[in-house]
There are 2 protein chains.
Amino acid sequence: MQKLDSIIAGLRKDGYRITPQRVAILDYILSSESHPSAEELHEFIKKKHPMVSLATVYKTLELLKEKNLVRELKFAGGARYDANVARHVNLVCVSCGRIEDMEHSLLEQLESDVARKSKYSVLGSKFELYGYCSQCQKEKLPR
Amino acid sequence: MQKLDSIIAGLRKDGYRITPQRVAILDYILSSESHPSAEELHEFIKKKHPMVSLATVYKTLELLKEKNLVRELKFAGGARYDANVARHVNLVCVSCGRIEDMEHSLLEQLESDVARKSKYSVLGSKFELYGYCSQCQKEKLPR
DNA sequence: ATCTATGCAAACATTTTGCAGGCTG
DNA sequence: CAGCCTGCAAAATGTTTGCATAGAT
C-alpha cells in the first residue's frame, strides 16, 4: 500500500525507527474503516504479532497523533482512532456503535466562518452526529 | 433564577427529590460559562456546601444528562459539562483550555443535510473547533 | 413512615509511566 | 554499537458502584 509506504518513509526521515510493531499498527489502522479503540487494535494485531503489547499500541498512537496521521475521538468507554485526517463528519450510531465518515462541503464553510467571527486561529475541528444508522432503524425499534 | 426554578419544578414533577446538593450543582452549572469538569464543579460547590461528595456530583450529572439538561463533552483529561443544550459550536482554546459557545445558522443546515444523505435518524450533534483564542494569540507565540 | 439520595470507600476501566533489555539504523 | 523502542508491571486518572444511613416527601 502506497500510503503506508510514504508514511513509513516520512517517519524514517524524521529519525523514527521502523519496528514491526509500528508497521503492524499503522497497517491496520490505515486499512480499517471501523475507528478501532486501542484495545481492539491490540486484539487484532496480536493475531499476527502476538508479542505486541498494549503499551506499545498506546505509545504508537501517541506518536501518530502528534504527527497528525491519526485523530483521536473521545467517547464514553474510551477513545477511538481515525486514520482519516481530512475534514469530515463522523456519523455515530448509538445502537450498534459503528462510526461512518462522510464528507460535506458545508464543513469547510462553517469552519472558516466561525474562525473569522470568533477570531480564533484554528487548528482543526470535529463534527459528530449521533443517531441510528439505517440498518439499526430497520431492525425493529432501536433502544 | 427562573430557569433553575422551572428545572426544579420539572424534576419534582417527575418524582425526583430536590436536595440541597442537586440545587447547588444545578445552580452552578446553569450559571457557569466555563464548561466545568466534575472535579471543578465539586471544588467550587464545596466552598458553600462542604458536605457534597464527588460521587454525588457524578450521580447528579448522570441524571441531568438523561434529562437532557446538560451535555457531556469528552476531552483529554476528562469530561466537561455544558448546560447549553441548544445547537451550538464549541470553541476550544488549546492553550488556556477555555471553551466558548457560538451559535451558527449553518449548523442546522449541515445537520439536516447530513441526516438526509446518510439516512441516519439523528438524535444530536456536536461541533468542536480547536485553536488559539484571540487572547492567547496576543500573549506571545502560542506553543 | 417510606424509600430515594447521599457519602464513603472500594472497585473499575482506560491510559500513562519507569525500567531493564532488545533491536534498528 | 549507541540509543531508541519494546514489554512488563505498577501507577495514575477519571468514573462507577455497593452499602449503610440521612433526609425529602
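Residues numbered from 1 in each chain as written. Chains lettered and ligands numbered in written order. Predicted model: local features only at pLDDT ≥ 70, side-chain atom pairs only at ≥ 80, totals over all residues. Heavy atoms only, no water.

## Quick notes on the interface of chain B and chain A
When the parts of a complex come together, some accessible area is lost, and that lost area is often used as the size of the interface.
Then step 1. Facing the 38 residues of chain B at the interface are 38 residues of chain A.
Then step 2. A combined buried area of about 3400 Å² lies between chain B and chain A, and 70% of that area is made up of carbon and sulfur atoms.
Then step 3. Joining chain B to chain A, the criterion identifies 2 salt bridges.
Then step 4. Our count for the contact surface shared by chain B and chain A stands at 14 residue pairs in polar contact (both at pLDDT 80 or more).
Then step 5. Here the element with the most residues in the side of chain B that touches chain A is strand S5 (residues 121–132) of chain B; it accounts for 12 residues. (Contact = heavy atoms within 4.5 Å. Buried area = accessible area lost by both parts, 1.4 Å probe. Salt bridge = Lys/Arg side-chain N within 4 Å of Asp/Glu carboxyl O. Polar contact = N/O pair within 3.5 Å; in protein donor to acceptor, adjacent residues only side chain to side chain. Helix = DSSP H or I, 4+ residues; strand = E, 2+ residues; numbered from the N terminus.)

## Here we look at the sheet that holds strand S3 (residues 89–93) of chain A
Then step 1. Read across the open sheet, the 6 strands follow the order S4(A)-S3(A)-S5(A)-S5(B)-S3(B)-S4(B); overall the sheet is mixed. Across the chains shown, the open sheet's two edge strands, defined by having one partner strand only, are strand S4 (99–102) of chain A together with strand S4 (99–102) of chain B. The average angle at which neighbouring strand axes cross in this sheet is 25°, direction not considered. (Pairing = 2+ DSSP bridges. Axes fitted to C-alpha atoms, helices over the stretch in contact; angles between N-to-C directions.)

## Things to note about the protein's contact with DNA strand D
Then step 1. Lining the immediate surroundings of DNA strand D are 21 residues, of which A:Arg17, A:Met51, A:Thr56, B:Arg17 and B:Tyr58 lie closest.
Then step 2. Each atom of DNA strand D within 4 Å of the protein was assigned to sugar, phosphate or base; sugar and phosphate come to 70%.
Then step 3. Backbone polar atom of A:Ser53 to a phosphate oxygen of DNA strand D: 3.0 Å apart, as the coordinates give it.
Then step 4. With respect to DNA strand D, the side chain of B:Lys59 contributes an N or O atom lying 3.2 Å from a base oxygen.
Then step 5. Contributing elements (two or more residues each) for the surface near DNA strand D: helix H2 (20–31) and helix H4 (54–66) of chain A together with helix H4 (54–66) and strand S2 (78–82) of chain B.
Then step 6. Among the residues making up the surface near DNA strand D, the classes are represented as 9 nonpolar, 6 polar and 6 charged. (Near = heavy atom within 4 Å. Nonpolar A, V, L, I, M, F, W, Y, C, P; charged D, E, K, R; others polar.)

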